[in-house]
Amino acid sequence: MGTKQYTGAPEDADLMRADSLAREIFSDIANKWAFLIIEFLGERTLRFSELRNEVEGISHKMLTQNLRMLERNGLVERTVHPTVPPRVEYTLTEPGQALRATVDGMCGWTHKYLGRIEDSRRRFGA
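Because the structure is a prediction, the values reported are computed rather than measured.

What counts, and where the lines are drawn
- Residues numbered from 1 in each chain as written.
- Predicted model: local features only at pLDDT ≥ 70, side-chain atom pairs only at ≥ 80, totals over all residues.
- Heavy atoms only, no water.
- Helix = DSSP H or I, 4+ residues; strand = E, 2+ residues; numbered from the N terminus.
- Rg over C-alpha atoms; globule rule 2.2 N^0.38 Å.
- Buried < 20%, exposed > 50% of the residue type's maximum accessible area, 1.4 Å probe, protein only.
- Bend = angle between axes of the 7 residues up to and from the residue.
- Contact = heavy atoms within 4.5 Å.
- UniProt positions renumbered as here; feature names shortened; annotations may be inferred.
- Salt bridge = Lys/Arg side-chain N within 4 Å of Asp/Glu carboxyl O.
- Pairing = 2+ DSSP bridges.

(A) Looking closely at the overall build of the protein. Broken down by element type, the protein carries 5 helices and 3 strands. What you see in the protein, going N to C, is helices and strands ordered as α-α-β-α-α-β-β-α. Relative to the compact-globule value of 14 Å for 126 residues, the protein shows a C-alpha radius of gyration of 17 Å, a clear excess of over 25%. Principal-axis analysis of the C-alpha atoms places the extent of the protein at approximately 55 × 40 × 25 Å. Per-residue burial over the protein gives 29% buried out of 126 residues.

Here you go:
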């Protein structure tokens, strides 16, 4: 299955269309690992091992997959420094920093409503 070529046309940003680029982007970034990676990289540039230590519970494979996806979408920049061994660093791009503002808002929402959500879950499970 090949990757669809997008033109940057308005229909590519139409969330109502199942084949829109916007839906593909949402599908890529709407996962807990991507959000956590964006949150931690928003604070500073990190090496792979530093990022893995920050994002508790993420496997090497999931971190690699998510970093590649974020880089492919232009949200993360990967820099390889010519040292032995090579030093690789990750940082958010301008669009990645802009997305971080949304991630921060979701984090704030979570903190604000965590108690209510816990109460609702208790009632639902009772």
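(B) Main features of helix α5 (residues 94-125). Along α5, the helix axis deviates most sharply at Y113, where the bend reaches about 60°. Looking at α5, one finds that the buried residues are G96, L99, R100 and V103. Residues of α5 that are buried in the fold lie against α1 (21-29), α2 (32-41) and β3 (87-92).

(C) Molecular detail of the UniProt feature "domain: HTH hxlR-type" (unreviewed entry) in the protein. Per the UniProt entry, the sites bearing "domain: HTH hxlR-type" (unreviewed entry) are residues 18-118 in this numbering. The span residues 18-118 carries 63% helix and 14% strand; its end-to-end C-alpha distance comes to 33 Å.

(D) Seen up close, the pattern of salt bridges. In the structure shown here, the tally under the stated rule is 8 salt bridges. With a shortest N-O distance of 3.4 Å, E39 and R100 are connected by a salt bridge. Placement of the pair is E39 in helix α2 and R100 in helix α5, with a sequence separation of 61 residues. Assigned by exposure class, E39 and R100 land together as buried. One connected set of salt bridges, linked through shared partners, spans E24, D28 and R72.

(E) Local environment of the sheet that holds strand β2 (residues 76-81). Overall, antiparallel pairing links the 3 strands, which are arranged β1-β3-β2 in an open sheet. The sheet is open, and its two edges are formed by β1 (46-47) and β2, each paired on a single side. Pairing geometry for β1 and β3, over 2 bridges, is antiparallel. Bridge pairing in β3 links R47 to E89.

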